[in-house]
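Summary of the model geometry
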Amino acid sequence: MAHGRPDTGYLYWRWRPRACALPPFAPAEFLELVRGRHVAFVGDSLARNQCESLVCLLTSEFPAELVRGSGDGDEERKFRRWLFRSHNATVSVFWSPFLVNGTEKSSSTAGGGLDHNRLYFDQTDERWAAELHGIDVVVLSIGHWFLHPAMYYERGEVIGCHHCPEPNRTETGFFGVFRLAVKNALRDIITRAARSSPTARSEKLAVVTTFSPAHFEGDWDSRDACPRAEPYAPGEKEVSYMDREMWRAEAEEVAAAAADARVRGSHVAVEALQVTELAALRADAHPGPYMIAFPFAGGEKARVPNDCVHWCLPGPIDTWNEILLQLVKRWRDAASTTR
């Protein structure tokens, strides 16, 4: 809206789950549930998108202080932290597009930068994992960076590649390593929590926000890359094979991790925030050409950059945090019953 998007219909659609009611987001309730606690979003720019949605929802009623990452640059936005002093609650975002350790491809290879990603599946990304001891609710959200060319390593050996950038390598695709990244991250959360004493404050909630589909129609820089003004009707468009496989991998790894946590007597609850199907309907709510300010101020253009991946704020991603509120509430209720 601030960049000049003229239509506002996308603001008024709401997700209605089958057989249950989804209450509107309640800032006071959420902050009370996480009073004295730390909520962290870990992943790629969609993790940041969801984090910024939550901060916007909370600051509609309560002030927040940005205590880390106060600059306006891309790097500063990758690691930010807000403090809600009214409830001594913290909300953070950690940039980690693979969850495991990795070297990201460069936007420019002119200076010798990589033209592909390198992922190391035996190494957790310590930029977020090292702070797990102080995090109570961790929300993992990754996916789109796995679509890029990449080499995959484990214990110093190549275990696969996608759009293989090195010669004489066999394409393995990315579904298996995407699943492995989610599996390893959840296992690491559970393992590190087990090392701490089982006090009330060591109880944690790990949430995986499932894959959020993009809605490009044609080239990313075409005038109408994502032109819809209304959501798809139920049944009008099926979730694509790739999106469904990413979703399935995450849901299955969450179920496996939750079972493992129970068997090990861990005090980590593991949940899937399953947004893939509802997000797939909302092709109307991406920034599109309005990812930049007033893209048509100088007249119509045949080519213009489009963002058909992230979500406008306000927008559908606020619904994800309405669901997150219910998951946090269920976690706190279960913890209270156990104690």
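All values derive from a computational prediction rather than experimental measurement. (Residues numbered from 1 in each chain as written. Predicted model: local features only at pLDDT ≥ 70, side-chain atom pairs only at ≥ 80, totals over all residues. Heavy atoms only, no water.)

1. Points about the nonpolar core
One finds Trp128, Leu140, Phe146, Leu186, Ile189 and Val270 to be the most contacted residues of the largest nonpolar core, which totals 42 residues. Considering each element in turn, this core owes the most residues, nine residues, to helix H5 (residues 175-194). Beyond its immediate sequence surroundings of up to four residues, Trp128 is in contact with Val42, Phe94, Ser96, Leu99, Ile135, Ala185 and Ile189. Counting 40 residues, the second-largest nonpolar core is a separate cluster that includes Phe84, Leu205, Leu273 and Trp320. (Core = buried A, V, L, I, M, F, W, Y, C linked by side-chain atoms within 4.5 Å. Buried < 20%, exposed > 50% of the residue type's maximum accessible area, 1.4 Å probe, protein only. Helix = DSSP H or I, 4+ residues; strand = E, 2+ residues; numbered from the N terminus. Contact = heavy atoms within 4.5 Å.)

2. A look at the pattern of salt bridges
Across all of its chains, the model carries 22 salt bridges by this definition. Between Arg68 and Glu131 there is a salt bridge, and its shortest N-O distance comes to 3.6 Å. Of this pair, Arg68 sits in strand S2 (residues 65-68) while Glu131 is found in the loop between helix H4 (126-129) and strand S7 (137-141), placing the two residues 63 residues apart along the sequence. Salt bridges sharing common partners tie together Arg179, Glu245, Arg248, Glu252 and Glu253. (Salt bridge = Lys/Arg side-chain N within 4 Å of Asp/Glu carboxyl O.)

3. Some points on the sheet that holds strand S5 (residues 100-103)
Read across the sheet, four strands follow the order S5-S6-S8-S9 without closing on themselves; strand pairing throughout is mixed. Both outer strands of the open sheet, S5 and strand S9 (157-162), are each paired with one neighbouring strand and no more. Recorded for the sheet is a direction-independent mean angle of 25 degrees between the axes of neighbouring strands. As paired elements, S5 and strand S6 (residues 117-124) share four bridges and run antiparallel to each other. Paired with Val100 across the strands is Thr124, a residue of S6. (Pairing = 2+ DSSP bridges. Axes fitted to C-alpha atoms, helices over the stretch in contact; angles between N-to-C directions.)

4. Looking at H5
Taking 1.5 Å per residue, 20 residues should reach 28 Å; H5 reaches 29 Å between its end C-alpha atoms and fits that length. Along H5, the residues that are buried comprise Val177, Phe178, Ala181, Val182, Asn184, Ala185, Leu186, Asp188, Ile189, Ile190 and Ala193. (Expected span 1.5 Å × (residues − 1).)

5. A word on unusual backbone geometry
The residue after Leu313, namely Pro314, is reached through a cis peptide bond having omega -5 degrees. In this structure, Pro314 sits in the loop between helix H7 (276-280) and helix H8 (317-338). Here Asn168, not a glycine, exhibits a phi torsion of approximately 60 degrees, which is positive. Along the polypeptide, Asn168 turns up in the loop between S9 and H5. When its relative accessible area of 82% is taken as the criterion, Asn168 is described as exposed.

6. Some points on the sheet that holds strand S4 (residues 89-95)
Pairing is mixed across the open sheet formed by seven strands, whose spatial order is S2-S3-S4-S1-S7-S10-S11. The sheet terminates laterally at S2 and strand S11 (268-273), the two strands that pair on one side only. Taking each pair of neighbouring strands and ignoring which way they run, the sheet shows an average axis angle of 20 degrees. Here five bridges tie strand S1 (residues 38-43) to S7, and the two strands are oriented parallel to one another. Across the sheet, the residue bridging to Val42 is Leu140, located in S7.

7. Quick word on the side chain of Asp136
Topologically, Asp136 is positioned in the loop between H4 and S7. A relative accessible area of 4% places Asp136 in the buried class. In terms of polar contacts, Asp136 uses its side chain to reach the backbone amide nitrogen of His38, at 2.8 Å. (Polar contact = N/O pair within 3.5 Å; in protein donor to acceptor, adjacent residues only side chain to side chain.)

In short, shape yes, function no, at least from these values alone.
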